[in-house]
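Given next are the chains, with one letter for each unit.
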Amino acid sequence: MPRPYTLLSCAMSLDGYIDDGGPERLRLSSAEDFDEVDELRAGCDAILVGAGTVRSDDPRLLVRSPERRARRVSQGHTADLVKVVLSESGGVDPAARVFTTGDAAKLVYVGAAARAATARRFAAARSDAEVVEAGSDPAAVLADLAARGVRRLLVEGGTGVHTRFLTAGLADELRVAVAPFFIGDPAAPRFVAPGAFLHGPAAPMRLAEARALGDMAILRYLPQTPETA
Ligand SMILES: NC(=O)c1ccc[n+]([C@@H]2O[C@H](COP(=O)([O-])OP(=O)(O)OC[C@H]3O[C@@H](n4cnc5c(N)ncnc54)[C@H](OP(=O)(O)O)[C@@H]3O)[C@@H](O)[C@H]2O)c1
């Protein structure tokens, strides 16, 4: 099935957490890291998160820098990316900022059982987000995005989504930004949940880049291909 080139991006603590256990979103990234992620966003066609991230963080998922927004427009794109939310249950609020900000399309992929009710709720809220039926396989979502012209997709979490993409072997690139501190809270979410990962010890990824960005470590991993293995 054709699918977009898929980059997973995540900021984590030294002990592998991507948030703390509190109600407010913890900022793990430095200003420099946010800026690099903004550049990554600006180079993509669409950005995807899970419903858990929408419910807990209410992110906007915009391209922030005016220069990058202007560059995208001069290249014939919208200033923002197509925004994609996965919600099997359909349990996302049409008033969430991801659906009410930005100048590009918004897509909500829901399970078959939730499609009709979710579409009605979004229509009643006069949301212009499109509710699309997705199977539980994220590969089907990627195939649908490819058919809509998405060639480069940025996946920005959270735990459930990273786990599904990485167990299904759907990441073409992984960018991890490691913050120089520990969380140590068992109630906090980790980068991934337990699962049968494609890249276990028998099939490690290739470290394509490792560098310091201030006190953060930026690591870029690629899957092993037959040529690189
Ligand atoms: N540090 C970082 O870089 C970073 C980035 C993003 C998020 N986070 C953190 O991650 C945490 C949230 O993680 P999370 O695991 O709770 O949530 P999540 O991964 O954002 O969303 C999980 C939800 O996505 C939906 N879903 C997953 N796969 C699907 C599929 N194939 N088809 C349809 N729907 C699918 C389900 O929604 P339903 O429940 O609606 O069925 C599932 O419960 C937050 O604490 C947030 O701050 C951190």
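Residues numbered from 1 in each chain as written. Predicted model: local features only at pLDDT ≥ 70, side-chain atom pairs only at ≥ 80, totals over all residues. Heavy atoms only, no water.

**Focus on the nonpolar core**
Ranked by internal contacts, the top residues of the largest apolar core, which has 32 residues, are L48, V84, Y109, L145, L153 and F165. If you list the elements that add at least two residues to this core, you get strand 1 (5-12), strand 2 (46-50), strand 3 (82-87), strand 4 (106-110), helix 6 (138-147), strand 6 (152-155), helix 7 (159-167) and strand 7 (173-178). Per-element accounting of this core gives the leading share, 4 residues, to helix 6. If you look at the next biggest cluster of nonpolar residues, it comprises 23 residues, including V49, L61, F99 and V108. (Core = buried A, V, L, I, M, F, W, Y, C linked by side-chain atoms within 4.5 Å. Buried < 20%, exposed > 50% of the residue type's maximum accessible area, 1.4 Å probe, protein only. Helix = DSSP H or I, 4+ residues; strand = E, 2+ residues; numbered from the N terminus.)

**Regarding the side chain of T101**
Here T101 is to be found in the loop between helix 4 (97-100) and strand 4. Side-chain polar atoms of T101 contact the backbone oxygen of R97, separated by 2.7 Å. Residues in contact with T101, not counting those within four places in the same chain, are R60, L62, K83 and K106. (Polar contact = N/O pair within 3.5 Å; in protein donor to acceptor, adjacent residues only side chain to side chain. Contact = heavy atoms within 4.5 Å.)

**Let's talk about the pairing of strand 3**
For strand 3, the tally of buried residues reaches 6 of 6 residues, placing the bulk of the element in the interior. In strand 3, alternate side chains face the same way, and those of V82, V84 and L86 on one face and K83, V85 and S87 on the other are all buried. Relative to strand 3, strand 2 runs parallel, the two being bridged by 5 bridges. Among the inter-strand pairings, G50 is bridged to a residue of strand 3, identified as L86. Strand direction decides the pairing type here: strand 3 and strand 4, joined by 5 bridges, are parallel. Looking at the pairing, V85 lines up with V108 of strand 4. (Pairing = 2+ DSSP bridges.)

**A closer look at the environment of E39**
For E39, the position within the fold is in helix 1 (residues 31-42). For the pair E39 and R64, spaced 25 residues apart in sequence, the C-alpha to C-alpha distance is 9.1 Å. Excluding residues within four positions of it along the chain, E39 makes contact with R68 and R71.

**Considerations on the side chain of T159**
Mapped onto the elements, T159 comes out in helix 7. T159 sits in the buried class, given a relative accessible area of 19%. At 2.6 Å, the side chain of T159 forms a polar contact with the backbone oxygen of R190. Other than its neighbours up to four places away in sequence, T159 contacts I18, P189, R190, F191, V192 and A193.

**Focus on the site of the ligand**
By nearness alone, 28 residues border the ligand, and T53, D57, S87, S89 and G160 come closest of all. Within the backbone of E88, a nitrogen or oxygen atom sits 2.9 Å from a nitrogen atom of the ligand. In this structure, G160 approaches the ligand through a main-chain N or O atom, which is 2.7 Å from an oxygen atom. Expressed as a share of its isolated accessible area of 940 Å², the protein-covered part of the ligand is 83%. The element contributing the most residues to the shell around the ligand is helix 2 (residues 51-57), with 6 residues. (Near = heavy atom within 4 Å. Areas by Shrake-Rupley, 256 points an atom, 1.4 Å probe, with all protein chains shown as cover.)

**Some details on the pattern of salt bridges**
Tallied over the full model, the rule gives 19 salt bridges. The closest approach of N and O atoms between R211 and E36, which form a salt bridge, is 2.8 Å. Of the two residues, R211 sits in strand 8 (residues 206-213) while E36 sits in helix 1, which places them 175 residues apart along the sequence. Assessed through its relative accessible area of 22%, E36 is described here as partly exposed. Here R220 and E173 are joined by a salt bridge, their closest N and O atoms 3.0 Å apart. A residue pair is termed long-range when its members are at least 10 positions apart, and R220 in strand 9 (residues 216-222) and E173 in strand 7 qualify at 47 residues. Linked by salt bridges that have partners in common, D33, E36, E173, R175, E209, R211 and R220 make up one network. (Salt bridge = Lys/Arg side-chain N within 4 Å of Asp/Glu carboxyl O.)

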